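Chain by chain, the residues run as shown.
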Amino acid sequence: MALFNRANLNSLFLLSHYYYKFATVTVRLKTRERTLLSSTMMQEKIRKSSEKKTESSNVKSNTFETAIANRRDQACRSILVQVYSLNSQDDLQNYCAQFGNILSMHHYKKDKQHNHILVEFKNIVSVNEIISSASFMDGDLITPVKSSVFWFRKGQLRHKKNNQKKIILSTENGCTYPTEKDILKFLQNAKSVSGQIIKLYEILKLSDLETRLRFHTAHHLEQYFSRLFQNTKVLPFGSSLNGFGRKRCDLDLVLVSDNIEEVNIYTYIKNKSASRLVFHTKPMKLSERHETKEFMRILASVMQHFISGVHNVRKILEARVPIIKFHYEYTNIECDLTTTNMTAVYMSELLYLYGEIDWRVRPLVTVIRKWAKSQEITSDVPGQWITNFSLSLLVLFYLQQKDILPSLKLLKTYATHDDMRCTETGIDCTFLRDLEKLPAEFKYKSNQDNLESLLYGFFEYISTFDFHTQGMCIREGVPVRKPSRSALHITNPLETTLNVCKNVNIYELNRITEKAHDAVYMLETTDKSRNSNWGLMALLNMKENDIMDMVDGNKRKEQSISDYSEDYSHEISEVNEVDINQPKKKKTDII
Ligand code: UTP
Ligand code: MG
């Protein structure tokens, strides 16, 4: 009890400190209903603004910004409900249909016991009504924020009749991860190495449900943060969005304020109120590093103590970009949250764009990331080895040399007024977004190499590249004289004074080139007619017997994890940069 009281006192202290330190909304006169209404209006505005922008600038509906706006809108119109079992679907549909038209229902199992259904409504008004009518669990002492994540409890009352037809589940038991054995089977059935690469990409890429759940996760956090800060939003970025993500990859999130003078759909339409009364507020200067760190420290505490579904919060505040790492329970995703890091979001947009320019880009990046993991060139923990992000840039650079992708300089040359973007720190992120405006040679390419020869060519290129004197520059699209003493230099395309591979040491670089050399040999000698372990199976070290051992090993490992899975620490750990860079856990147990 004493512990409980102390937790409550701590929580109250945190909240009051929080409000004192950062609240820009100290005079909150709005009622909850008004807040809900304004959030509805805000979402409407985003949608209208995006539609208007799409019409006025004739931007194709598949641009990154439009895709994000649509996914964010979808997340606002959806609720996540934990149900007893899949059999609850009809009951849940009947109940939810009272609040409005349902567009889709997706089911997934987080583990053997936890069933969830993501219900998408046609209108956000339905979600707001559901939130208004839902109740808290008996015994909830600290009134938490009302969000769109629920339990579905046993009903006593009959629901009002509704005329909506039964919704067929769009996904049943989604979010399952293919085992290495599944992957092996797919690869065995392919007819060529190019076919294997396409299959691998199809199996590993994020499904529609997984993308929905990533936007739902961002939306859920945003619901909490927006009760504390006016005009903030949480945007997903990184591989979950740029098309290079694989199932179960971490979710990168950024908390941004829309006080930045930007004209694009990430920002809500500014409320140019005619009122002569303006709030007194305490401004945050998140551009100042020490304020960002302090802000994130407090944010981490709030997340750990108040946001449902958030567990195992770790702060890494000494990194170049301070981050909060946490586990989001409902969707079973590991997340990294940063603040005001719009350059990283625009970087994701650039990578997305390169993936859109040619259909071969994403399958090729996928297979090279998978190869790098199988060779322990990359790892889930940071250190002195290459990251997936840098590896993706390496592939893009190679494709520029093959005249498949244009340089960033060219994308900048063709940029229009609508493409102008500048971050809060003054980084120019302007580049062409409408691919229809690309010059013909990049729409109809002379290079029609298949995936197999591109993969082979990639390994050959990096095993012979002069890393000693040359660096790679996506912006120029050509090798450049190495401007630094780092072992590996890949210029950050948007911040050209930075090297994205500064962390990579000479030992790791040599391993990359050696492994690439081995891969060339492997692809030259692997022959489908003479070897059952051909093509990617050889390249990725996948042998049937090993896989069977691994599956058993996995089962044992899963068992031991599930034994402890509910035992989340309530302590927030602080990790400094030195700690996370320790090469203590390079080896990955399981591929
Ligand atoms: P990540 O390291 O998480 O990379 O950085 P990723 O592409 O998401 O790959 P995985 O799947 O997690 O391994 C997230 C994003 O941050 C930006 C890029 O947009 C990247 O996709 N970023 C990262 C930079 O802008 N610069 C960097 O040096 C690193
Ligand atoms: Mg990531």
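Cut-offs used in this document
Starting from 1, residues in each chain are numbered consecutively following that chain's sequence as written. Chain letters start at A and ligand numbers start at 1, both assigned in the order the entries are written. Restriction of local features to residues with pLDDT of at least 70 applies here, the model being predicted, together with a cutoff of 80 or more for giving and counting side-chain atom pairs; totals for whole chains, interfaces and linings are based on all residues. Values reported for side chains reflect all heavy atoms of the structure, with hydrogen atoms and water molecules removed beforehand. Residues are counted as near a molecule or strand when any one of their heavy atoms sits within 4 Å of it. Here a polar contact is taken to be a pair of N or O atoms separated by no more than 3.5 Å, where protein atoms must pair a possible hydrogen donor with a possible acceptor and residues adjacent in sequence count only if both atoms sit in side chains. The protein chains shown are the only cover counted for residues, whose accessible areas, like all others here, come from Shrake-Rupley with a 1.4 Å probe. Each helix is a run of H or I in the DSSP string that is no shorter than four residues. Each strand is a run of E no shorter than two, and both are numbered from the N terminus. Here the rule is simple: two strands pair whenever DSSP picks up at least two bridges between them. Structural elements are reduced to axes, namely lines fitted to C-alpha atoms, with helices fitted over the stretch in contact, and the angle between N-to-C directions of any two is expressed from 0 to 180 degrees. Confidence of the predictor at the level of single residues is captured by pLDDT, which takes values from 0 to 100. Two residues qualify as a contact provided that any one of their heavy atoms is within 4.5 Å of a heavy atom in the partner residue. Each residue is placed in one exposure class: buried if its accessible area under a 1.4 Å probe, protein chains only, is under 20% of its type's maximum, exposed if it is over 50%, and partly exposed if it falls in between.

Draft legend 1. Seen up close, the site of ligand 1. Close to ligand 1 lie Phe237, Gly238, Ser239, Asn242, Asp252, Ala344, Met347, Ser348, Arg369, Asn388 and Phe389, which account for all nearby residues. Between an oxygen atom of ligand 1 and a side-chain N or O atom of Ser239, the distance comes to 2.7 Å. Between Arg369 and ligand 1, the recorded distance is 3.2 Å, taken from a side-chain N or O atom to an oxygen atom. Considered on its own, ligand 1 offers 570 Å² of accessible surface; in the complex 77% of this is hidden by protein. Breaking the shell around ligand 1 down by element, the ones donating at least two residues are α9 (239-242), α11 (342-357) and α13 (388-401). When residues of the shell around ligand 1 are assigned to their parent elements, the largest contribution, three residues, is made by α11.

Draft legend 2. Looking closely at the sheet that holds strand β5 (residues 171-174). If you walk across this open sheet you meet the five strands as β4-β1-β3-β2-β5, and the pairing is mixed. Of all strands in the sheet, those bounded by a partner on one side alone are β4 (149-151) and β5. The average angle at which neighbouring strand axes cross in this sheet is 25°, direction not considered. The pairing of strand β2 (residues 102-109) with β5 spans two bridges and is parallel. Looking at the pairing, His106 lines up with Thr171 of β5.

Draft legend 3. Highlighting the sheet that holds strand β13 (residues 490-491). Strand order in the open sheet formed by three strands is β12-β11-β13, and the pairing between neighbours is mixed. Among the strands making up the open sheet, the edge pair consists of β12 (478-481) and β13. Here strand β11 (residues 470-473) runs beside β12; their pairing, made up of four bridges, is antiparallel. Note that in β12 the partner of Gly471 across the bridge is Val480.

Draft legend 4. Spotlight on the confidence of the model for the protein. Model confidence for the protein is summarised by a mean pLDDT of 81, while 76% of its residues fall at 70 or above. Contacts of residues 1-60 to residues separated by more than four positions or lying in other chains number 83 contacts, the stretch itself having pLDDT below 50. Ignoring residues within four places in sequence, the model shows residues 549-571, a span with pLDDT below 50, making 15 contacts including any to other chains.

Draft legend 5. Main features of the pairing of strand β6 (residues 232-237). Burial runs high along β6: six of the six residues are buried. Here β6 shows a buried face lined by Thr232, Val234 and Pro236 and a second buried face lined by Lys233, Leu235 and Phe237. As paired elements, β6 and strand β7 (residues 251-257) share six bridges and run antiparallel to each other. Opposite Pro236, over in β7, you have Leu253 as the bridge partner.

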